[in-house]
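Results of the structural survey
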Amino acid sequence: MKKEKTLFLVFLLVLGGLFVLCGFSLVRCFVYNTFDDSGDPSILEIGYLFLHLIMIAIVFYLAFRAFKIKSSIVALLTMGDNDEKKTRNSLIISGILSVLFFFVGIYSTLHVLGLTCPPLNYLSMSFAHDFMNAGYFFGSIALVFFIYPFIAEKTTSAE
């Protein structure tokens, strides 16, 4: 159980950092990018960042609950009904999604920092902030789903 608690504690710290990053992006979009170059408002992107803050808060609550009690959702999705066997499909899917989302997050971060990234050049900076936050958030969730089966304690049923 100690390794599981450590995983969820690190995940809680990552979620706290992602909450701060999303708040920074929200302030940056309000102050600097309320209107893009053509004068169109970035209302949908800013609305998504508000919803993203709520999503991070919900996942933070679930991770805190898993830290204090025990994980039920992650264990069910990664281990299946049988605690002894790792579900191979969940490992493959979570590994691929983790790499994909972290790539999107890093690529969008490079664009936010000022590099010219071809597909993002044609979109507003608020959209790049949305992609950056979503990439890191969903990538970290997928990474937890990937790591959990390797550190989960095996439960013995006394039937």
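These lines cover the structure that appears in this document, whether it is placed above or below.

Calculation criteria
- The residue count restarts for each chain, going from 1 along the sequence in the order it is written.
- In view of the model being predicted, local features appear only for residues whose pLDDT reaches at least 70, and side-chain atom pairs are presented and counted only at 80 or more, with totals across whole chains, interfaces and linings using the full set of residues.
- Side-chain measures were taken over the full set of non-hydrogen atoms in the model, leaving aside hydrogen atoms and water.
- Segments assigned H or I by DSSP are reported as helices when at least four residues long, segments assigned E as strands when at least two residues long, and all are numbered from the N terminus.
- Contacts between residues were defined by any pair of non-hydrogen atoms, one from each residue, lying within 4.5 Å.
- The rule is simple: take the accessible area with a 1.4 Å probe, protein chains only, and divide by the maximum for that residue type; under 20% is buried, over 50% is exposed, in between is partly exposed.
- Note on ring pairs: Phe, Tyr and Trp rings are taken, using the six-membered ring of Trp, and paired if centres are within 6.5 Å. Classes follow the plane angle, with under 30 degrees stacked, over 60 edge-to-face and the rest tilted.
- Here a helix's expected span is defined as the number of its residues, less one, multiplied by 1.5 Å.
- Axis angles are defined between N-to-C directions and span 0 to 180 degrees, where every axis is a line fitted to C-alpha atoms and, for a helix, only to the segment in contact.
- Roughly parallel means an angle under 35 degrees; roughly antiparallel, over 145; roughly perpendicular, 65 to 115; everything else is oblique.
- Take the far helix as the reference: if the near one is turned anticlockwise from it by less than a right angle, the crossing is left-handed, and if turned clockwise, right-handed.
- Residues are grouped as follows: Ala, Val, Leu, Ile, Met, Phe, Trp, Tyr, Cys and Pro are nonpolar; Asp, Glu, Lys and Arg are charged; every other residue, Gly included, is polar.

**Remarks on the side chain of serine 90**
Tracing the chain through its elements places serine 90 in helix H4 (residues 88-112). Excluding residues that lie within four positions of it along the chain, serine 90 makes contacts with Leu77 and Thr78.

**With respect to the environment of cysteine 22**
As for its placement among the helices and strands, cysteine 22 is situated in helix H1 (residues 2-31). For cysteine 22, a relative accessible area of 0% corresponds to the buried category. Taking the C-alpha atoms as reference points, cysteine 22 and methionine 132, separated by 110 residues in sequence, lie 9.1 Å from one another.

**Quick word on the packing of aromatic side chains**
Under the defined criterion, the tally for this structure stands at eight aromatic pairs. Ring centres 5.7 Å apart and planes at 65 degrees place the aromatic pair phenylalanine 146 and phenylalanine 150 in the edge-to-face group. Taken together, the residues phenylalanine 146 and phenylalanine 150, both in helix H5 (residues 125-151) and four residues apart, mark about one turn of the helix. Taken together through their ring pairs, the aromatic side chains of Phe101, Phe137 and Phe138 make up a single cluster.

**Remarks on H4**
The end-to-end C-alpha distance of H4 is 36 Å, a good match for the 36 Å that 25 residues give at a rise of 1.5 Å each. Three or more residues of H4 are buried, namely Ser90, Leu91, Ser94, Gly95, Ser98, Gly105, Ser108, Thr109, His111 and Val112. In this structure, the buried side of H4 is in contact with helix H3 (73-79) and H5. Once H4 finishes, glycine 114 follows within two positions and takes phi at roughly 120 degrees, a positive value.

**Re the packing of helix H2 (residues 43-68) against H5**
Helix-helix packing is described using two parameters, namely the angle between the two axes and the distance between the axes. Packing of H2 against H5 brings their axes to within 10 Å, and their N-to-C directions diverge by 20 degrees. Overall, the two elements H2 and H5 adopt an arrangement that is roughly parallel. For the pair H2 and H5, the sense of crossing is left-handed. Only Ser126, Phe127, Asp130, Asn133, Ala134, Phe137, Phe138 and Ile141 of H5 make contact with H2, whose side of the interface consists of Glu45, Tyr48, Leu49, His52, Met55, Ile56 and Val59.

**A word on the side chain of serine 94**
With respect to the helices and strands, serine 94 occurs in helix H4. In contact with serine 94, not counting residues within four places along its chain, are Ala142, Phe145 and Phe146.

**A few points about the packing of H1 against H2**
At their nearest, the axes of H1 and H2 sit 9 Å apart, and the two run at 165 degrees to each other. In terms of their interaxial angle, H1 and H2 are classed as roughly antiparallel. Crossing angle aside, the handedness with which H1 passes H2 is left-handed. Taken together, the residues of the contact of H1 with H2 break down into 22 nonpolar, three polar and two charged.

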